[in-house]
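Remarks on the overall topology
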Amino acid sequence: MIQKIILVKGFANLTKREYTKFKKGDTIYGNDSEPKELQRWNETDENDALKELEKYHCVYDTRNSDGFTTIQEYALEWFDCDDDGEFISSSGYKFADEKIEIKYYIYDDFLEDTLFTQAFDTPDAAIRFMNEWQKDNDEVLSYRIADYYGNEVE
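Here we summarise the structure given alongside this text. If you're wondering where the values come from, they're calculated on a predicted model, not measured in any experiment.

**Examining the pattern of salt bridges**
- Throughout the structure, instances matching the rule amount to three salt bridges.
- One salt bridge in this structure joins Lys24 and Glu98, with 2.8 Å as the shortest N-O distance. Here Glu98 lies in strand E6 (residues 98-101) and Lys24 lies in the loop between helix H1 (16-21) and helix H2 (26-29), a separation of 74 residues in the sequence.
- The partly exposed category is assigned to Glu98, whose relative accessible area is 39%.
- Where Lys55 meets Glu52, a salt bridge forms, and the shortest distance between an N and an O atom there is 3.0 Å.
- For Lys55, a relative accessible area of 59% puts it in the exposed group.

Structure follows, in structure tokens:
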């Protein structure tokens, strides 16, 4: 039996409802996951595999204004294979470091809906936008800044 290491990438676009059921690692080894193999090493090249993994991040991106959360996961998988390189069993995973990206939205206080479809990188950017918009339109609106899931910024 031979041990190999592969770098795999998992990807998903999830709705809010799907994301609430999502567990980290689901795109790599969850039900119906189909991770893509990016690279393969022999067990003697483990240091090279670990260095390659450092180039990637697992991203859980809630910035999408289209109602989806984008997931990209990268991991090394150690597995046993026969002399022909055929998979026998998995013996473990190491995931890339995590990066969570959040965008902020402007919500109408009365309608409980977003005022604009535009997403902002920081709460300050959203506030600057609203200040300019209210000045340009000579209108004052009651609003709040929150992330995609409605969690208000203090």
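**As for the environment of Thr15**
- On the secondary structure map, Thr15 appears in strand E1 (residues 2-15).
- Along the backbone, Thr15 and Thr69 are 54 residues apart, and their C-alpha atoms lie at a distance of 6.3 Å.

Definitions and limits used
Residues numbered from 1 in each chain as written. Predicted model: local features only at pLDDT ≥ 70, side-chain atom pairs only at ≥ 80, totals over all residues. Heavy atoms only, no water. Salt bridge = Lys/Arg side-chain N within 4 Å of Asp/Glu carboxyl O. Helix = DSSP H or I, 4+ residues; strand = E, 2+ residues; numbered from the N terminus. Buried < 20%, exposed > 50% of the residue type's maximum accessible area, 1.4 Å probe, protein only.

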